[in-house]
Amino acid sequence: MDTKTLLEWSERYHVPTYSRAPICLVRGEGVRVWDSDGREYLDFTAGIGVVALGHCHPRVTGAIREAAGTLIHVSNLFHTAPQTHLARFLCENSFGDRVFFCNSGAEANEAAFKLARRYCREHFASDRYEIIAMRNSFHGRTLATVTATGQEKYRQGFEPLMPGFKHVPFNDLRAVERALDNRTAAVLLEPVQGEGGVNVPDDGYLPGLRKLCDEAGALLILDEVQTGLGRTGTLWGYQHWGVEPDIMTLAKGLANGVPIGAMVARDPVARGLTAGTHASTFGGTPFVASVALATLTTLLEEKLPERAARVGRHLMNGLAALKAKHSDIREVRGKGLLIGIELSRPAAALVTACREAGLLVLTAGDMVLRLEPPLIVDEATCDHALAILDGALAKA
Ligand SMILES: *Cc1c(COP(=O)(O)O)cnc(C)c1O
């Protein structure tokens, strides 16, 4: 079928929730993807931070082939080895003691909210259910997670929202201190805000939040759906600041593109969800757990978090040079390979100019261009992307 007809059908047969670029992608390998006309692109979106090991990594593809021929799905009424090995792997490599598996970031956050409410109801005499979340945050698209998300545009028209959430400015300890009271079950945040503009907090912020939560008896929930799994240059975002949460949520990079979500929690908090209180039909099937295990093993063996830190620094240096040259760039910020370029004008035109020159990039809000390449990217490929961006900035 010709590309033009395919794009017409795509516009016609989908619920129109996405505004898609006018290309049809057909194949990927490493940091590159190809469209239906044979054009090659550098993929600095990694499927919005998903394909950490790059497209069709041989070890991931091998694990998919093997798992597909062994056992794809059984319910969580039975034990399976891949799911148990994955839970153990996550606990042994993080602060966590126990894991709940689901299928997406939003679902992992839903599990975290339910756990926080239930644990606090059982643990405290007073009725604690409120969650303090941050402005400009992003936590997903279900009703509870759009309520938690501190951006008006994601909720408009979907009211009534969930009760029990309030918002304070990000990176403002005093605001959290004022908002905490004996109704607070948890404080929820992304260690580095992704969707909301790639916002990196001051160094004292996470340690300060940990202290405030401890004093108030509130839980600290970190949404590491985007920052987790090496993206920011450490395996977990929280490691930059030497603090540990009570609950962490994961999804995007966990199985390199096969859908999975996970909530990791420490004991005794994790035991707040007792038998029958929460479940997922597809959560942690032997198939996806095998793929996630292959992804995580490769991530650690190939030291990809360290690589993300190193290559991220190289990319940031290159972007600093572009900033000196192009007055349209206001600020370059980020950690590891989660990088935002704040512009003095809407980023959409630059995204188009980059794509037309063979580079796929993201936005994070209207004015911020977001770079999030696979963690396997090397310095030379970054230089290639920087050259394309340089040309697009001059043109757009
Ligand atoms: C992408 C994202 C989510 C939502 O994940 P889905 O898998 O789309 O539900 C939640 N939180 C953060 C920080 C994200 O970046």
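This section reports on the structure supplied with the text. Predicted, not measured: the structure shown is a model, and the values here were computed from it. (Residues numbered from 1 in each chain as written. Predicted model: local features only at pLDDT ≥ 70, side-chain atom pairs only at ≥ 80, totals over all residues. Heavy atoms only, no water.)

### A few points about the packing of aromatic side chains
Per the counting criterion, the structure on display carries four aromatic pairs. Measuring from ring centre to ring centre gives 5.7 Å for F95 and Y238, while their planes differ by 80°; the resulting arrangement is edge-to-face. Highlighted residues: F95 in the loop between α4 (81-92) and β4 (98-102) and Y238 in the loop between β8 (219-223) and β9 (247-250), separated in sequence by 143 residues. Y238 matches F95 in its accessibility class, with the two residues each being buried. Seen in terms of ring centroids, F170 and Y205 are 5.4 Å apart; in terms of plane orientation they differ by 75°. Their pairing is edge-to-face. Placement of the pair is F170 in the loop between β6 (165-168) and α7 (173-179) and Y205 in helix α8 (residues 205-216), with a sequence separation of 35 residues. Residue classification places Y205 among the buried residues on the basis of a relative accessible area of 2%. Geometry around W34 places R27 over its ring, the cationic atom sitting 4.1 Å from the centre. When the ring centre of F124 is taken as origin, the NZ or CZ atom of R128, which lies over that ring, is 4.1 Å away. (Phe/Tyr/Trp six-rings, centres within 6.5 Å; stacked < 30°, edge-to-face > 60°. Helix = DSSP H or I, 4+ residues; strand = E, 2+ residues; numbered from the N terminus. Buried < 20%, exposed > 50% of the residue type's maximum accessible area, 1.4 Å probe, protein only. Lys NZ or Arg CZ within 6 Å of the ring centre and 35° of its normal.)

### Description of the packing of α4 against helix α9 (residues 286-301)
The geometry of α4 relative to α9 is characterised by a closest axis approach of 8 Å and an angle of 35° between their N-to-C directions. Crossing handedness for the pair α4 and α9: left-handed. On the side of α4, the interface is formed by P82, Q83, H85, L86, F89 and L90, while α9 contributes P286, A289, S290, A292, L293, L296, T297 and L300. (Axes fitted to C-alpha atoms, helices over the stretch in contact; angles between N-to-C directions. Left-handed = near helix turned anticlockwise from the far one by under 90°. Contact = heavy atoms within 4.5 Å.)

### As for the sheet that holds strand β12 (residues 338-343)
In spatial order, the strands read β11-β12-β15-β14; together these four strands make up an open sheet with antiparallel pairing. In this open sheet, the two edge strands, each paired with only one partner strand, are β11 (329-335) and β14 (362-363). Sheet analysis places β12 next to strand β15 (residues 368-371), joined by four bridges and oriented antiparallel. Along β15, the bridge assignment pairs I341 with L369. Across the sheet, helix α10 (residues 304-325) lies against β11, β12 and β15, angled at about 175° from β11, the strand it touches most. (Pairing = 2+ DSSP bridges.)

### So, empty space enclosed by the protein
Here the structure, examined in full by the defined rule, presents three cavities of 30 Å³ or more. Quantified by volume, the largest cavity comes out at close to 50 Å³. Around the largest cavity sit G49, A52, V225, Q226, G228, L229, R231, K252, G253 and L375, which together line it. Across the lining of the largest cavity, the residue classes tally to four nonpolar, four polar and two charged. Considering only enclosed or pocket space, the second largest cavity measures out at about 40 Å³ in volume. Of the residues that constitute the lining of the second largest cavity, the class distribution is four nonpolar, nine polar and no charged. (1 Å grid on protein atoms, 1.4 Å probe; cavity = no way out; pocket = protein on both sides within 12 Å on 5 of 7 lines; lining within 4 Å. Points joined across faces, edges and corners; volume = space filled by probe spheres on them. Nonpolar A, V, L, I, M, F, W, Y, C, P; charged D, E, K, R; others polar.)

### A few points about the pattern of salt bridges
Taken as a whole, this structure holds 27 salt bridges when the rule is applied. Put simply, R59 and E301 hold a salt bridge, and the shortest N to O gap is 2.9 Å. Of the two residues, R59 is situated in helix α3 (residues 58-68) and E301 in helix α9; the sequence distance between them amounts to 242 residues. Looking at R59, the relative accessible area reads 35%, which means it is partly exposed. (Salt bridge = Lys/Arg side-chain N within 4 Å of Asp/Glu carboxyl O.)

### Digging into the sheet that holds strand β3 (residues 40-43)
Across the sheet, which stays open at both edges, the four strands sit in the order β1-β2-β3-β13 with mixed pairing between neighbours. Each edge of the open sheet carries a strand with a single partner, namely β1 (25-29) and β13 (359-360). Across four bridges, β1 lies against strand β2 (residues 32-35) in antiparallel orientation. Opposite L25, over in β2, you have D35 as the bridge partner.

### A few points about the side chain of H55
Along the chain, H55 turns up in the loop between α2 (46-49) and α3. According to the relative accessible area criterion, H55 is buried, its value standing at 16%. Reaching out from H55, the side chain makes a polar contact with the side chain of D43 at a distance of 2.7 Å. The contact partners of H55, leaving out residues within four places of it in the chain, are G28, E29, G30, R32, V33 and D43. (Polar contact = N/O pair within 3.5 Å; in protein donor to acceptor, adjacent residues only side chain to side chain.)

### Observations regarding the layout of surface pockets
In this model, the second largest pocket occupies a volume close to 860 Å³. Lining the second largest pocket are 28 residues; nearest its centre among them are N76, Q83, V99, F100 and F101. Contributions of two or more residues to the lining of the second largest pocket are made by α4, β4 and β10 (261-265). Grouping the constituent residues of the lining of the second largest pocket by class yields 13 nonpolar, 13 polar and two charged.

### Side note on the side chain of D43
By the element assignment, D43 lies in strand β3. One buried charged residue, D43, forms no salt bridge at all, with the nearest opposite charge on R231 at 9.1 Å. Aside from chain neighbours lying at most four places away, what touches D43 is V31, V33, H55, L360, P373 and P374. (Lys, Arg positive; Asp, Glu negative; His and termini not counted.)

### Quick word on the packing of helix α11 (residues 348-356) against helix α12 (residues 379-395)
Where α11 meets α12, the closest approach of the two axes is 9 Å, and the angle between their N-to-C directions is 130°. Relative to α12, the element α11 is oriented oblique. Considering only the axes of α11 and α12, their crossing is right-handed. Contact with α11, carried on its side by L350, A353, C354 and E356, involves I388, L389, A392, L393 and K395 of α12 and no other residues of that element. Residue classes in the contact of α11 with α12 are distributed as seven nonpolar, no polar and two charged. (Parallel < 35°, antiparallel > 145°, perpendicular 65-115°, else oblique.)

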